[in-house]
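Single-letter residue listing:
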Amino acid sequence: MLESGIAFCYAQMLVDREFVRMVKKVMQGIAVHKDTLALEVIKAVGAGGNYLMEEHTLKYMRQEQSRAKLIDRRTRKGWEETGGQDMITRARSEARQILAGYRPMPLDPKVAARLRQIVQEAEDELK
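Residues numbered from 1 in each chain as written. Predicted model: local features only at pLDDT ≥ 70, side-chain atom pairs only at ≥ 80, totals over all residues. Heavy atoms only, no water.

- Per an unreviewed UniProt entry, the protein chain carries the name Trimethylamine methyltransferase and comes from Formimonas warabiya.
- Quoted straight from UniProt, the Sequence similarities (unreviewed entry) entry for the protein chain says "Belongs to the trimethylamine methyltransferase family." (UniProt positions renumbered as here; feature names shortened; annotations may be inferred.)

**Here we look at the pattern of salt bridges**
Next up, step 1: Tallied over the full model, the rule gives seven salt bridges.
Next up, step 2: One salt bridge in this structure joins Glu18 and Arg21, with 3.4 Å as the shortest N-O distance. With Glu18 and Arg21 both in helix α1 (residues 10-28), this residue pair falls three residues apart, about one helical turn.
Next up, step 3: Note on Glu18: relative accessible area 1%, which makes it buried.
Next up, step 4: Overall, the relative accessible area of 32% leaves Arg21 in the partly exposed class.
Next up, step 5: Between Asp72 and Arg74 there is a salt bridge; the shortest N-O distance is 2.5 Å.
Next up, step 6: Note on Arg74: relative accessible area 43%, which makes it partly exposed.
Next up, step 7: Taken together, the shared-partner salt bridges in this structure form one network comprising Arg17, Lys69 and Glu94. (Salt bridge = Lys/Arg side-chain N within 4 Å of Asp/Glu carboxyl O. Helix = DSSP H or I, 4+ residues; strand = E, 2+ residues; numbered from the N terminus. Buried < 20%, exposed > 50% of the residue type's maximum accessible area, 1.4 Å probe, protein only.)

**So, unusual backbone geometry**
The phi angle of most residues is negative, glycine excepted, and most peptide bonds adopt the trans form.
Next up, step 1: Phi at Ala38 is positive, roughly 55°, even though this residue is not glycine.
Next up, step 2: Its location among the elements puts Ala38 in the loop between α2 (34-37) and α3 (39-45).
Next up, step 3: Overall, the relative accessible area of 6% leaves Ala38 in the buried class.

**Let's talk about α1**
Next up, step 1: Counted at 1.5 Å a residue, the expected span for α1 with its 19 residues is 27 Å, and the 27 Å between its end C-alpha atoms agrees.
Next up, step 2: Within α1 the residues assigned to the buried category are Ala11, Leu14, Val15 and Glu18. For α1, the arc enclosing every buried residue in end-on projection is 105°, short of the 170-degree limit, so these residues lie on one face. Turned more than 90 degrees off the buried face of α1, the exposed positions are Lys24, Met27 and Gln28.
Next up, step 3: Among the structural elements, α6 (87-101) are those in contact with the buried residues of α1.
Next up, step 4: Residue Gly29 follows α1 closely and has a positive phi angle near 80°. (Expected span 1.5 Å × (residues − 1). Arc of directions from axis to C-beta. Contact = heavy atoms within 4.5 Å.)

The structure is reproduced here in structure tokens:
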């Protein structure tokens, strides 16, 4: 939020959402049980082995790793090869896409009528 909530930036809201999502993931903690400890995999691969290609690692990495949309985790070379956009640029682009495709749900007619009544009452009090 900028200027104490008087003004805001859609891109910044998306960046904040990204950070909140990551914090929530961390706050969930990591499940520790027989399957997640993977003692069989550790015995099979051994010290100094490559765990990254193990099916167990792939399964749990997908579940445990935070899925960032705006943070680019590629190498600098890979990032530059795909345009080198920073996080705010990607957030602005996503915000534009969201806004372009946004179609608000119509208000319930009862709610709309009540809002009109509240506004009318307020206007009447000012007269």
